[in-house]
There are 2 protein chains.
Amino acid sequence: MSVDKLPKPTRVALIGSGTIGLSFAALHLTQSADVEVAIYDTRPDLKEYIEETLPGYLATLSATITLPDLLSSRRLTLSPDLPTAVSTADIVQEQGPETPAFKQSLWPQVETHAPAHALFWSSTSGIPASIQALHMHDKSRLIVVHPYNPPHIMPLLELVPSPTTPPALIERTFAYWKALERAPVLLKRETTGFVANRLAYALLREAVHLVQEGVVGVDELDAIVENSMGPRWTVAGPFKSYHMGGGEGGLRAFFEKIGGTVQACWEEQGEVGFGKGEGWKERVFRETEEVYGPSVGLSVRERDEKTKAVLKARGEGLVPKKDR
Amino acid sequence: MSVDKLPKPTRVALIGSGTIGLSFAALHLTQSADVEVAIYDTRPDLKEYIEETLPGYLATLSATITLPDLLSSRRLTLSPDLPTAVSTADIVQEQGPETPAFKQSLWPQVETHAPAHALFWSSTSGIPASIQALHMHDKSRLIVVHPYNPPHIMPLLELVPSPTTPPALIERTFAYWKALERAPVLLKRETTGFVANRLAYALLREAVHLVQEGVVGVDELDAIVENSMGPRWTVAGPFKSYHMGGGEGGLRAFFEKIGGTVQACWEEQGEVGFGKGEGWKERVFRETEEVYGPSVGLSVRERDEKTKAVLKARGEGLVPKKDR
């Protein structure tokens, strides 16, 4: 952990103890000994509920960190009272109900009771910080930290600032997640559904289309993805993959070779402005070449070795179930 | 290997020795001791070229199978003469130039010289069997077996029959790939780009859009996919994932919860017929429930354990390069 950027210990107040709250609690408590967690939830059986649910999450990540130890050392505290939970927090992380009304009423209360230096993070999957912050005194303090579920397993965290978020706040948020060896990615601006889900839903739309057209069944479609893009994109994302696929000419050469098929598929998938013609290409080609250069820092041999290891770790499931 | 369905040894004639041909050669020769391979290519330096390139592919899959052994035992033969290469073949697998003219002129020659029982497979990424077979006597003999590159690493093979392909031919093709522990998936009909690439290009289109709109850079987009959908879809494809994500109510409950966001993203991604309104849902929900039932045969705990193993096998790369 970057102690120059974050206090030691770092105190995280979690608002809401549903599956995302529990998952984050386990992550914070097991990935750094310097983190303390306070869980706020109004449910009357909070202690019994946490005793029943949290150990399963902790056990996934650590063989030695146990709930009784966390509670007796007060690295973990539970509270039905918001001011108590946030009053000494360095980070307040919210995973409450997904309604603007709830979030808009919550944050001014948090702002009143939390220290002036505390970071405010929302785990929302769709309500931008600029909308949640409506009634806050300092609207620029709130940033979306959108996990890919469950966050104690999946590395991605999408950081989505509002137009007024100060760079220092983003930097401190980054520093925390990098210290926990997660994969924070900063979006440049708010967009419907953020990025990961937008990409997934674009593929899902085509998946629904192919099932509806009777080209494949849902289980066959899943088997296709599990045995192609899943492992490939675990090792190298789509731009990196196609940049490598183009050989020495990179992404540009890849599109020279198979651009016709890509275009034909896009046209069948419905028109959007950029999908027509060639206008979109130059920026994407240039950016890929600038960011990755000719090599992407991963040789084909390394890619293949990693892919083999990933498939071996995944284990069974190579052949669609009904054909076994 | 299902000896009732395939001869022993099974003789595979590979037409074309580019990277896909080499990859398939290594796969056939290392995954079953009962397979013999003949490589046909007109390049004058065929022997030197194979001696230079094939050992690297073989070494990826086997520590004991070497090119000198394969050549001296005649499990591998090389030929610049098509009739010689295919005359005793049980399977003829083509990965030549991607033009209809090449394929249409090749297959009648193969048909003339190959045994009557031989299976004819094309590795094409886009030219349907019904078009390739134009000049064949028996057009129903040809089937597309589309790999996801490189096939000696990636398990998927898309089997794309023409409207006249007999079921027995599909069955024998399936039997071969299952014997090699690959993941063959049968498409119900020919479609532009087949399925894996159509899905990948749908996501790529949205990726290009997000880069062009300045929401993320290409490397950030890759990092997002590598740390979310990549590992998730390695373990459970999109329908299976969302069916699990909906808890007891399955895919139906998932869409009740987040369908509004999905629809909002789809609308921004451009309209296609099925994407409007609710009409598409019933078939996809019903099929998912029929195929997977309530459990999908994978518990959340198993999914998470497999995902952890996959991420560990993948290793480094959690944090976008420029932030390390």
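Being a predicted model, the structure only gives us computed values, none of them experimental.

Draft legend 1. Inspection of the domain arrangement of chain A at higher detail. Taken as a whole, chain A is organised into domain 1 (10-186) and domain 2 (197-314). Computed from C-alpha atoms alone, the centre-to-centre distance between domain 1 of chain A and domain 2 of chain A is 34 Å.

Draft legend 2. Highlighting the environment of Phe24 of chain B. Residue and element names in this part refer to chain B. Position of Phe24 relative to the elements: it lies in helix 1 (residues 19-31). Between the alpha carbons of Phe24 and Ser130 there is a distance of 23 Å; along the sequence they are 106 residues apart. Other than its neighbours up to four places away in sequence, Phe24 contacts Leu14, Gln93, Gln95, Ser123, Pro147, Pro151, Leu157 and Trp177.

Draft legend 3. Main features of the interface of chain B and chain A. Taken together, the contacts link 111 residues of chain B with 111 residues of chain A. Taken together, the two surfaces of chain B and chain A that pack against each other cover about 10,900 Å², and 66% of this comes from carbon and sulfur. Our count for the contact surface shared by chain B and chain A stands at 8 salt bridges. Between chain B and chain A we count 37 residue pairs in polar contact (both at pLDDT 80 or more) in total. If you tally residues by element for the side of chain B that touches chain A, the top one is helix 8 (residues 196-212) of chain B, at 16 residues.

Draft legend 4. Molecular detail of the sheet that holds strand 1 (residues 10-15) of chain A. All names here are of chain A. Here 8 strands make up an open sheet; going across it, the order is 3-2-1-4-5-6-7-8 and the pairing mixed. Edge positions in the sheet fall to strand 3 (76-79) and strand 8 (183-186), since each has one partner strand and no second. Recorded for the sheet is a direction-independent mean angle of 25 degrees between the axes of neighbouring strands. Of the pairings in the sheet, the one linking strand 2 (residues 35-40) to strand 3 comprises 4 bridges and is parallel in character. Bridge assignment links Ile39 to a residue of strand 3, and that residue is Leu78.

Draft legend 5. The UniProt feature "domain: 3-hydroxyacyl-CoA dehydrogenase C-terminal" (unreviewed entry) in chain A, seen in detail. Feature annotation in UniProt places "domain: 3-hydroxyacyl-CoA dehydrogenase C-terminal" (unreviewed entry) on residues 193-261 of chain A, given in this structure's numbering. Annotated as 77% helix and 0% strand, the span residues 193-261 of chain A places its first and last C-alpha atoms 28 Å apart.

Draft legend 6. Summary view of the environment of Val218 of chain A. Along the polypeptide, Val218 of chain A turns up in helix 9 (residues 218-226). As a C-alpha pair, Val218 of chain A and Ala207 of chain A span 11 residues in sequence and 8.2 Å in three-dimensional space. When neighbours within four sequence positions are excluded, Val218 of chain A is seen to be in contact with Val211 of chain A together with Phe239, Val284, Glu287, Thr288, Val291 and Tyr292 of chain B.

Draft legend 7. Main features of the pairing of strand 5 (residues 119-122) of chain A. Residues and elements named next belong to chain A. Burial of the side chains of strand 5 extends over both faces: Leu119 and Trp121 are buried on one face and Phe120 and Ser122 on the other. The sheet contact formed by strand 4 (residues 91-94) and strand 5 spans 4 bridges and is parallel. When the bridges of strand 5 are listed, Glu94 appears paired with Ser122. In this fold, strand 4 hands off to helix 5 (residues 100-113), which returns the chain to strand 5; that crossover is right-handed. Pairing between strand 5 and strand 6 (residues 142-147): 3 bridges, direction parallel. The residue of strand 6 that forms the bridge with Ser122 is Val144.

Draft legend 8. Structural view of the packing of helix 13 (residues 281-292) of chain A against helix 9 (residues 218-226) of chain B. It is the contact of helix 13 of chain A with helix 9 of chain B, at a shortest axis distance of 9 Å, that shows an interaxial angle of 75 degrees. Between helix 13 of chain A and helix 9 of chain B, the interaxial angle falls into the category roughly perpendicular. Packed against helix 13 of chain A, whose contacting residues are Val284, Glu287, Thr288, Val291 and Tyr292 of chain A, the element helix 9 of chain B presents Val218, Asp219 and Asp222 of chain B at the interface. The residue makeup of the contact of helix 13 of chain A with helix 9 of chain B, split by class, is 4 nonpolar, 1 polar and 3 charged.

Draft legend 9. Region of interest: the relation of the copies chain B and chain A. Relative to chain A, chain B is turned by 180 degrees and slid 0.0 Å along the rotation axis, the superposed coordinates differing by an RMSD of 0.0 Å. With respect to symmetry, the two chain copies, as superposed, fit the operation of a two-fold axis.

Draft legend 10. Structural detail: the pattern of salt bridges. A full pass over the atoms with the stated rule returns 26 salt bridges over all chains. Among the salt bridges present, the one from Glu206 of chain B reaches Arg198 of chain A, with a minimum N-O distance of 2.7 Å. Of this pair, Glu206 of chain B sits in helix 8 while Arg198 of chain A sits in helix 8 (residues 196-212), on two different chains. Just as Glu206 of chain B is buried, Arg198 of chain A falls in that class too.

Draft legend 11. Region of the structure containing the packing of helix 11 (residues 238-245) of chain A against helix 12 (residues 250-268) of chain A. Residue and element names in this part refer to chain A. Relative orientation of the contacting elements helix 11 and helix 12 amounts to 75 degrees, with a least axis distance of 6 Å. By the angle between their axes, helix 11 is roughly perpendicular relative to helix 12. Along its contact with helix 11, which presents Phe239, Tyr242, His243 and Gly245, the element helix 12 presents Gly250, Leu251 and Phe254. The class makeup of the residues in the contact of helix 11 with helix 12 is 4 nonpolar, 3 polar and no charged.

Draft legend 12. Quick peek at the environment of Ala236 of chain A. Note on placement: Ala236 of chain A falls in the loop between helix 10 (229-235) and helix 11. Residue classification places Ala236 of chain A among the buried residues on the basis of a relative accessible area of 0%. Along the backbone, Ala236 of chain A and Thr307 of chain A are 71 residues apart, and their C-alpha atoms lie at a distance of 9.4 Å. The residues touching Ala236 of chain A, leaving out its near neighbours within four places in the chain, are Ser241 and Leu298 of chain A together with Glu226 of chain B.

Draft legend 13. Summary view of the confidence of the model for chain A. Looking at chain A, pLDDT values average 90 and 92% of them are 70 or higher. Both scores are given for the predicted complex: the pTM is 0.93, the ipTM 0.93.

Draft legend 14. Just helix 1 (residues 19-31) of chain A, in detail. Residues and elements named next belong to chain A. The end-to-end C-alpha distance of helix 1, which contains 13 residues, comes to 18 Å, matching closely the 18 Å that a straight helix rising 1.5 Å per residue would cover. Within helix 1, 10 of the 13 residues are buried, leaving the element largely enclosed by the surrounding structure. Along helix 1, the positions that sit buried rather than exposed are Gly21, Leu22, Ser23, Phe24, Ala25, Ala26, Leu27, His28, Leu29 and Thr30.

Draft legend 15. Seen up close, the sheet that holds strand 5 (residues 119-122) of chain B. All names here are of chain B. Reading across from one edge, 3-2-1-4-5-6-7-8 is the order of the 8 strands in this open sheet, with mixed pairing throughout. The open sheet has two edge strands, strand 3 (76-79) and strand 8 (183-186), and neither has a second partner. The average undirected angle you get between the axes of adjacent strands in this sheet is 25 degrees. Taken together, the 6 bridges between strand 1 (residues 10-15) and strand 2 (residues 35-40) define a ladder with parallel strand orientation. Along strand 2, the bridge assignment pairs Ile15 with Tyr40. Running at roughly 140 degrees to strand 3, helix 2 (residues 46-61) makes contact with strand 2 and strand 3 of the sheet.

Draft legend 16. Expanded view of the packing of aromatic side chains. Inspection of every chain in the model, using the stated rule, returns 18 aromatic pairs over all chains. Seen from their ring centres, Tyr242 of chain A and Phe254 of chain A are 4.4 Å apart, and the 25 degrees between their planes marks the pair as stacked. On the criterion of sequence distance, the pair formed by Tyr242 of chain A in helix 11 and Phe254 of chain A in helix 12 is long-range, its members being 12 residues apart. Residue Tyr242 of chain A is classed as buried on the basis of its relative accessible area of 10%. Classification of Phe254 of chain A as buried rests on a relative accessible area of 11%. Cluster of aromatic residues (ring-pair linked, three or more members): Tyr201 of chain A together with Tyr242, Phe254, Phe255 and Phe285 of chain B. It is Arg43 of chain A that lies over the ring of Tyr49 of chain A; its NZ or CZ is 3.7 Å from the centre.

Conventions used here
Residues numbered from 1 in each chain as written. Chains lettered and ligands numbered in written order. Predicted model: local features only at pLDDT ≥ 70, side-chain atom pairs only at ≥ 80, totals over all residues. Heavy atoms only, no water. Domains from an automatic or database assignment. Helix = DSSP H or I, 4+ residues; strand = E, 2+ residues; numbered from the N terminus. Contact = heavy atoms within 4.5 Å. Buried area = accessible area lost by both parts, 1.4 Å probe. Salt bridge = Lys/Arg side-chain N within 4 Å of Asp/Glu carboxyl O. Polar contact = N/O pair within 3.5 Å; in protein donor to acceptor, adjacent residues only side chain to side chain. Pairing = 2+ DSSP bridges. Axes fitted to C-alpha atoms, helices over the stretch in contact; angles between N-to-C directions. UniProt positions renumbered as here; feature names shortened; annotations may be inferred. Buried < 20%, exposed > 50% of the residue type's maximum accessible area, 1.4 Å probe, protein only. Right-handed = clockwise from strand over helix to strand, strands pointing away. Parallel < 35°, antiparallel > 145°, perpendicular 65-115°, else oblique. Nonpolar A, V, L, I, M, F, W, Y, C, P; charged D, E, K, R; others polar. Least-squares fit on C-alpha atoms with pLDDT ≥ 70 in both. pLDDT = per-residue confidence, 0-100. Expected span 1.5 Å × (residues − 1). Phe/Tyr/Trp six-rings, centres within 6.5 Å; stacked < 30°, edge-to-face > 60°. Lys NZ or Arg CZ within 6 Å of the ring centre and 35° of its normal.

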